[in-house]
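# Tertiary structure, described
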Amino acid sequence: MSVANLTRESRSITFSGNGILKSKHKWESGLKLRKNSSKDLRRLVFRAPCPIGTTNRFNWWSERSVDCRFDGTPAYFILEQWNYLKIESSNYRINYLYHFNKVEMKREKIADVLTNGQVGNDVLVKGWVRSFRANRFVAINDGSTIKNIQAVVDFENFDESLLKRITTASSVAVSGKIVASQGAGQAIEIAVEHVEILGDANPEEVQKTVMQPKKHSMEFLREQAHLRFRTNTFGAVFRIRHAVAYAIHKYFNDEGFYYLHTPIVTASDAEGAGETFNVTNFDPANPPLDENGAIDYSKDFFGKPVNLTVSGQLEAELGALALGQVYTFGPTFRAENSNTSRHLAEFWMIEPEVAFNDLKDNMDLTEMFLKYIAKYVLDNCSDDLQFLHDREVKEDAQKPTAERNELNLIDRLKFVVDNEFKRLTYTEAIEVLKRSKPYKKKKFKYPVEWGVDLSSEHERYLVEKEFKCPVILSDYPAEIKAFYMRQNDDGKTVAAMDVLFPGIGEIVGGSQREERLDILKSKCADFEIPEEDLWWYLDTRKFGTVPHAGFGLGFERMVMFATGMTNIRDVIPFPRTPQNAEF
RNA sequence: GCUUCUUUAGCUCAGUUGGUUAGAGCAUCUGACUGUUAAUCAGAGGGUCCCAGGUUCGAGCCCUGGAAGGAGCGCCA
């Protein structure tokens, strides 16, 4: 605490001889002294009737003294919580008294107190009450860590009406001394000297929310997405979500990539990645029409129909073909009516794009990148990860053996870090599937033939049954992939790759891009994409075209993998799905 | 969009062939207790049985229609 924090009070008091200054203010807390005679001031003794926060009983006294020397300059003393001043000398003038109405200690984050707190130190923490047990133990969480700090109040010395307001979900500021805990659950705790209620929480209303201290279903938590941050599970999920985002930026930065911001509003829907959300300023009931009765978009804000981006890839390619290696990391919008636990209408996507990379370089980059993220989370989120891990173990224990995870959360992350991804071509995958038991027993619902897109059941079989590790499938038939993917020499397949993760399915889709102008133009024709819509994209193939490759990672799918959450709506703060845009 | 399951107290769920006043655990409130950590003990309050219509002497339960949510599939990241 610095003196600058104090409010100066304009009064001057002169002492002659030993004396006691009794303050008018209950919590007078600082003073500035100036030597007023030749004699040295030896010692200041501060005396208090009782600690702040206890009831006003003057049944004991406590003293704290400060030795001091003056060299002519003013000296400051901080007398927090002491409201009597006794001066053991004479002839000193107190130039100023400083005071404030509450203890202005610096608030410390609970994470810091738990890791660095020294027994005997004074601390101030602020946070939300998770539980208040036995009228004595307040568990406080401030979001800095999944761990709560235990604040112990001697309820005998506190006002009952104050303690009544310490309820689940209320917010408090608590100060006191760090002491070694007598209980088993924690090493240190705060012996509370002062409690302030920052915000009350009516228990009758709290019990209707996800903050009531009990286990809740994921569906109920989702209905209260604005409050679910207060729970351990979602606290952990969103701290890990942040860590994954940071790890992504750190990886690319350290590898010399540039973060490229591609537009959210775009006229490009040529990629065919999916249905788009249209953006217009027209009054939907009364849009301007042209002479044919069609909506006249030339009068709209952008002068043509535009939509929210479905991918920043095409723009990222433009950047990569000058800056060398770039990545995007931004929101992406798909208006498909997808009702699954793996799809959102608004999600975040990471799309690196690297000049001079071929498909193998692309696979190497993907694998190193995904391993880096997994390792980063293991190294930096151990408390949150352990909580989610234990949660999953407990839930698995109640499921039949067949439905349990073969590896638990932490082991799955370690597995990704420690093991090579299995790489095989689409053609090889079809052969593996045709040799498989479910194929021979006709258990697959969808056909397995060269040329058809693999469905979830096939991908799951490869990842979860056959190889039991992340799988990179490559070289798909051209017909089932996008127009920009580079045609292989066989003329039938393209240099595409998908990374399949256990439990998640496709987490990454990427390819080497078609850099040859003539082939790209004929692909545009095949896919019925007008060249004039993509003139800017085709331009890069005219002026010093080079091989290049990139991929898209669904951010939320990565967070699902890192947290073990099984529904994508539980890894984004406010999910956007068909028929749902609450909050 | 398709298939399928679910909807009963604040939450998670029981509720028998259609039969009296719809239950439990947790949560909340009141009291007791006080070094607890899913605290304990005693008591209390709390219900549009998703909605609408129908069958029946009688419907939480049966029938018809609708709504919301979950899981799986398709599309994809």
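Since this is a predicted model, take the numbers as computed values, not measurements. (Residues numbered from 1 in each chain as written. Chains lettered and ligands numbered in written order. Predicted model: local features only at pLDDT ≥ 70, side-chain atom pairs only at ≥ 80, totals over all residues. Heavy atoms only, no water.)

## A few points about the sheet that holds strand 25 (residues 548-554)
The mixed open sheet is built from eight strands, whose spatial order is 15-19-20-25-24-23-22-21. Two strands bound the open sheet, and with one partner strand each, they are strand 15 (258-259) and strand 21 (422-425). The pairing of strand 22 (residues 471-477) with strand 23 (residues 493-501) spans six bridges and is antiparallel. Bridging across to strand 23, Leu-473 finds its partner in Asp-498. (Pairing = 2+ DSSP bridges. Helix = DSSP H or I, 4+ residues; strand = E, 2+ residues; numbered from the N terminus.)

## Here we look at the confidence of the model for chain A
For chain A, per-residue confidence averages 83 on the pLDDT scale, and residues scoring 70 or more make up 81% of the total. Mean pLDDT in chain A bottoms out at strand 1 (residues 7-9), which sits at 38, and peaks at strand 15, which reaches 98. Below pLDDT 50 for its whole length, residues 1-103 participates in 223 contacts with residues either more than four positions away or in separate chains. As a predicted assembly, this complex carries a pTM of 0.84 together with an ipTM value of 0.89. (pLDDT = per-residue confidence, 0-100. Contact = heavy atoms within 4.5 Å.)

## Here's the deal with the environment of Lys-375
Turning to its location among the elements, Lys-375 is positioned in helix 7 (residues 359-380). The spatial distance from the C-alpha of Lys-375 to the C-alpha of Lys-414 is 7.4 Å, given a sequence separation of 39 residues.

## Let's talk about the sheet that holds strand 10 (residues 122-133)
A barrel is described by the order of its strands in space; here five strands give the closed sequence 10-11-12-14-13, paired in mixed fashion. Averaged over all adjacent pairs, the angle separating strand axes in this sheet is 55 degrees, with direction ignored. Strand direction decides the pairing type here: strand 13 (residues 171-180) and strand 14 (residues 188-199), joined by 10 bridges, are antiparallel. Paired with Ala-180 across the strands is Ile-188, a residue of strand 14. (Axes fitted to C-alpha atoms, helices over the stretch in contact; angles between N-to-C directions.)

## Here's the deal with unusual backbone geometry
One non-glycine residue, Glu-528, adopts positive backbone phi at about 55 degrees. Here Glu-528 shows up in the loop between helix 13 (517-526) and helix 14 (535-542). Overall, the relative accessible area of 72% leaves Glu-528 in the exposed class. A positive phi angle is found at Gln-579, which is not glycine, with a value near 70 degrees. The residue Gln-579 is located in the segment after helix 15 (555-563) in this model. (Buried < 20%, exposed > 50% of the residue type's maximum accessible area, 1.4 Å probe, protein only.)

## Description of a nonpolar patch on the surface
A cluster of nonpolar side chains, Ile-264, Val-265, Phe-301 and Phe-302, forms an exposed patch at the surface whose accessible area comes to about 380 Å². Here Val-265 lies in strand 16 (residues 265-266). (Patch = residues over 30% accessible without salt bridge, like charges linked within 9 Å, V, L, I, M, F, W, Y side chains within 5 Å. Areas by Shrake-Rupley, 256 points an atom, 1.4 Å probe, with all protein chains shown as cover. Salt bridge = Lys/Arg side-chain N within 4 Å of Asp/Glu carboxyl O.)

## With respect to the protein's contact with RNA strand B
RNA strand B sits among 52 residues. The nearest are Ala-184, Ser-338, His-343, Ser-456 and Arg-557. Restricting attention to atoms of RNA strand B within 4 Å of the protein, one finds that 52% of them are sugar or phosphate atoms. The side chain of Ser-341 places a nitrogen or oxygen atom 3.0 Å from a phosphate oxygen of RNA strand B. One of the side-chain nitrogen or oxygen atoms of Arg-342 is found 3.4 Å away from a phosphate oxygen of RNA strand B. Those elements that provide at least two residues to the surface near RNA strand B are helix 3 (203-206), helix 4 (218-223), strand 20 (346-355), helix 12 (456-467), strand 24 (505-512) and strand 25. By residue number, the principal contributor to the surface near RNA strand B is strand 24, which donates four residues. (Near = heavy atom within 4 Å. Polar contact = N/O pair within 3.5 Å; in protein donor to acceptor, adjacent residues only side chain to side chain.)

## Side note on the pattern of salt bridges
This structure, assessed with the given rule, holds 29 salt bridges. One connected set of salt bridges, linked through shared partners, spans Lys-360, Asp-364, Glu-367, Lys-371 and Arg-423.

## Let's talk about helix 13
For helix 13, the complete set of buried residues consists of Ile-519, Leu-520, Lys-523 and Cys-524. All buried residues of helix 13 fall inside an arc of 145 degrees around its axis, so they share one side. Set apart from the buried face of helix 13 by more than 90 degrees, the exposed residues are Asp-518 and Ala-525. Looking at the packing, one finds that the buried side of helix 13 touches strand 23 and helix 14. Where helix 13 ends, the next residue or the one after it, Glu-528, has phi of about 55 degrees, a positive value. (Arc of directions from axis to C-beta.)

## A short note on helix 8 (residues 382-397)
In this model helix 8 runs 22 Å from its N-terminal to its C-terminal C-alpha over 16 residues, within 8% of the 22 Å that 1.5 Å per residue would give. Looking at helix 8, one finds that the buried residues are Asp-384, Leu-385, Leu-388, His-389, Arg-391, Glu-392 and Asp-396. Projected onto a plane normal to the axis of helix 8, the buried residues spread over an arc of 160 degrees and lie on a single side. Exposed positions of helix 8 whose direction lies more than 90 degrees from the buried face are Lys-394 and Ala-397. Looking at the packing, one finds that the buried side of helix 8 touches helix 4, helix 5 (232-254), helix 7, helix 9 (409-418) and helix 15. (Expected span 1.5 Å × (residues − 1).)

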